[in-house]
Amino acid sequence: MVAKTYMLDTCICSFIMREQPALVLRRLQDAVESKHRIVISAITYAEMRYGTIGKKTSPKHAKLVNAFTHRVDSILAWDADAVDSSTKVKQQLMKEGTPIGNNDTAIAGHAIATRSILVTNNIREFERVEGLNYEDWCSGRSMIKGLQD
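Calculation notes
Residues numbered from 1 in each chain as written. Predicted model: local features only at pLDDT ≥ 70, side-chain atom pairs only at ≥ 80, totals over all residues. Heavy atoms only, no water. Helix = DSSP H or I, 4+ residues; strand = E, 2+ residues; numbered from the N terminus. Expected span 1.5 Å × (residues − 1). Contact = heavy atoms within 4.5 Å. Salt bridge = Lys/Arg side-chain N within 4 Å of Asp/Glu carboxyl O. Buried < 20%, exposed > 50% of the residue type's maximum accessible area, 1.4 Å probe, protein only. Core = buried A, V, L, I, M, F, W, Y, C linked by side-chain atoms within 4.5 Å.

## A word on helix H4 (residues 59-71)
The end-to-end C-alpha distance of H4, which contains 13 residues, comes to 19 Å, matching closely the 18 Å that a straight helix rising 1.5 Å per residue would cover. Close packing links the buried residues of H4 with strand E1 (5-8), helix H1 (10-18), strand E2 (37-41), helix H3 (42-50) and strand E3 (74-76).

This is how it looks when you write it as structure tokens:
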């Protein structure tokens, strides 16, 4: 079996840190046991870090984020390939009149640039992105377009 790279988006990271839903945790465990890489984008890392600085944020949340980020295989750097791929995603969605948020655009582009499978439950946004491989570990929906086995 060829090892896959799963890029977790922010909502999936939050589910894992809260240890629910159980289906997400089972899918993560299966991926880890199958020796697949679990990564996050630097964009997701920034979103998680921003979530630790609000006035209502508990110190426990910062500890959860720290522990979580130390357990992923890698936090992928935001590089020129990620920027170029994200620009293509933005251009495609603007042309179609179906834009998504800037961070979601960046995460989608980063996943495409790194040939990762984006794990998200935000299918409504990400299914519009051409060339993006994704899985929804909450519902089981996926779109794998042949970049990885």
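So that's the structure; there's more coming.
## Some points on the pattern of salt bridges
As enumerated under the stated definition, the model contains three salt bridges in all. Between arginine 27 and glutamate 135 there is a salt bridge, with the nearest N and O atoms lying 2.8 Å from each other. Placement of the pair is arginine 27 in helix H2 (residues 22-33) and glutamate 135 in strand E5 (residues 133-135), with a sequence separation of 108 residues. For arginine 27, a relative accessible area of 25% translates into the label partly exposed. Notably, a salt bridge pairs arginine 124 with glutamate 125, separated by 3.6 Å at the nearest N-O pair. The exposure class assigned to arginine 124 is exposed, which follows from its relative accessible area of 60%. Given the relative accessible area of 11%, glutamate 125 is considered buried. Each of the salt bridges in this network shares a partner with another, and the network as a whole consists of Arg124, Glu125 and Arg128.

## Describing the nonpolar core
One finds Leu8, Ile38, Phe68 and Trp137 to be the most contacted residues of the largest nonpolar core, which totals 19 residues. Among the elements of the structure, E1, H1, H2, E2, H4 and strand E4 (117-119) are those that each provide at least two residues to this core. The element that contributes the greatest number of residues to this core is H1, accounting for five residues. Once you skip the residues sitting within four places of it in the chain, phenylalanine 68 turns out to touch Leu8, Cys13, Ile16, Met17, Ile40 and Met48.

Any link to function would need more than the numbers given here.
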